[in-house]
Amino acid sequence: MPSMNPELFASWTYTQTHVNEPEHVAAVRERAEDLGVRCIDPAGRSMLQMLCTLRQPRNIVEIGSGVGVASLAMLEVMGSSVTLTAIESDLEHANAMRQGLRDSGIPSARARIINERAENVLSRLADHAYDMVLIDAGAEQLLEYVAEAKRLAGTGGVIIVNNAFDEHRLAKPAIRRNSTVMTRDALRMLREDPRLQTHLFPTEQGLFVATVLPAKAGVKR
Ligand SMILES: C[S@@+](CC[C@H](N)C(=O)[O-])C[C@H]1O[C@@H](n2cnc3c(N)ncnc32)[C@H](O)[C@@H]1O
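The structure displayed is predicted, hence computed values, not measured ones.

Colleague: I'd like to hear about the overall build of the protein, residue by residue, with values.
Modeller: If you tally the helices and strands in the protein, you get 7 helices and 7 strands. Seen in sequence order, the protein has helices and strands lined up from the N terminus as α-α-α-β-α-β-α-β-β-α-β-α-β-β. A compact globule built from 221 residues would reach a C-alpha radius of gyration of about 17 Å, and the protein, at 17 Å, matches this within 12%. For the C-alpha atoms alone, the extent of the protein along its principal axes is close to 45 × 40 × 35 Å. The proportion of buried residues among the 221 residues of the protein is 47%. Contacts spanning at least 24 positions in sequence make up 69% of the contacts within the protein whose residues lie at least 6 apart.

Colleague: Break down helix α5 (residues 91-103) for me, with residues and values.
Modeller: Between its terminal C-alpha atoms α5 stretches 18 Å, which fits the 18 Å expected from 13 residues at 1.5 Å a residue. Residues His93, Ala94, Ala96, Met97, Gly100 and Leu101 constitute the buried set of α5. The buried residues of α5 occupy one face: seen down the axis, they fall within an arc of 160 degrees. Pointing more than 90 degrees away from the buried face of α5 are the exposed residues Glu92 and Arg102. Buried residues belonging to α5 abut α2 (23-35), α4 (69-77), β2 (83-87) and β3 (111-114). Just downstream of α5 lies Gly105, where phi reads positive at about 70 degrees.

Colleague: Kindly report on the packing of aromatic side chains, identifying the contributing residues and their values.
Modeller: The relation between two aromatic rings is expressed through the spacing of the ring centres and the mutual angle of the planes. If you walk through the whole model with that rule in mind, you get 1 aromatic pair. With 6.3 Å between their ring centres and 20 degrees between their planes, Phe9 and Trp12 make a pair best called stacked. Of this pair, Phe9 and Trp12 both sit in helix α1 (residues 6-17), 3 residues apart, roughly one helical turn. Owing to a relative accessible area of 45%, Phe9 belongs among the partly exposed residues under this scheme.

Reading the values: rules and limits
Residues numbered from 1 in each chain as written. Predicted model: local features only at pLDDT ≥ 70, side-chain atom pairs only at ≥ 80, totals over all residues. Heavy atoms only, no water. Helix = DSSP H or I, 4+ residues; strand = E, 2+ residues; numbered from the N terminus. Rg over C-alpha atoms; globule rule 2.2 N^0.38 Å. Buried < 20%, exposed > 50% of the residue type's maximum accessible area, 1.4 Å probe, protein only. Contact = heavy atoms within 4.5 Å. Expected span 1.5 Å × (residues − 1). Arc of directions from axis to C-beta. Phe/Tyr/Trp six-rings, centres within 6.5 Å; stacked < 30°, edge-to-face > 60°.

Below, the structure written as structure tokens:
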């Protein structure tokens, strides 16, 4: 395993700062900051757009959509055929996202914002009906969200966990706080599932990505 030498750190920093966000994203990030919401980091946002471009999802679920930085990123790169179900428990955050969608000229029909706690909503969503599930609602219920995401994602579907580094606590084995243990367990649950191919991308917050392999692909390599 490589150690974090200064060259490696410089290259990692370069990749984080190399991302050019369009100007309108800054306004959404500002709105998030005013409300005290952490949103996906620029490299994670960029990777999300890349995954959408590659996978071309038609139905997306986002658990914890905040003021909509990630939601807007996904909707912006997808054609009008994509539908996003955004679950957000905080009314102020949900309203700020509605404003962001209006400002971006995205028709409201493309995003269904459900202002409820995810644990009360997910069981109502149909099995294997989604091509992409983004989880970014804190670690408290992460195991439940991951289990639901595995049920929701169809073959070839993509499950994404943002903030997989749990504020950079994940890699420190001595840290046993709840959020860190929960994140470790949730990522293990994905990594050890033979039906999933997984990768942890070293964005600033950590973006863990799992794709559902076709049934006949056998055991992952
Ligand atoms: C980190 S922010 C999401 C940021 C968003 N993914 C983005 O990149 O713009 C987490 C959000 O999850 C919401 N949240 C926390 N617990 C939740 C729950 N149980 N159900 C739904 N939303 C929840 C919070 O209100 C907050 O807006």
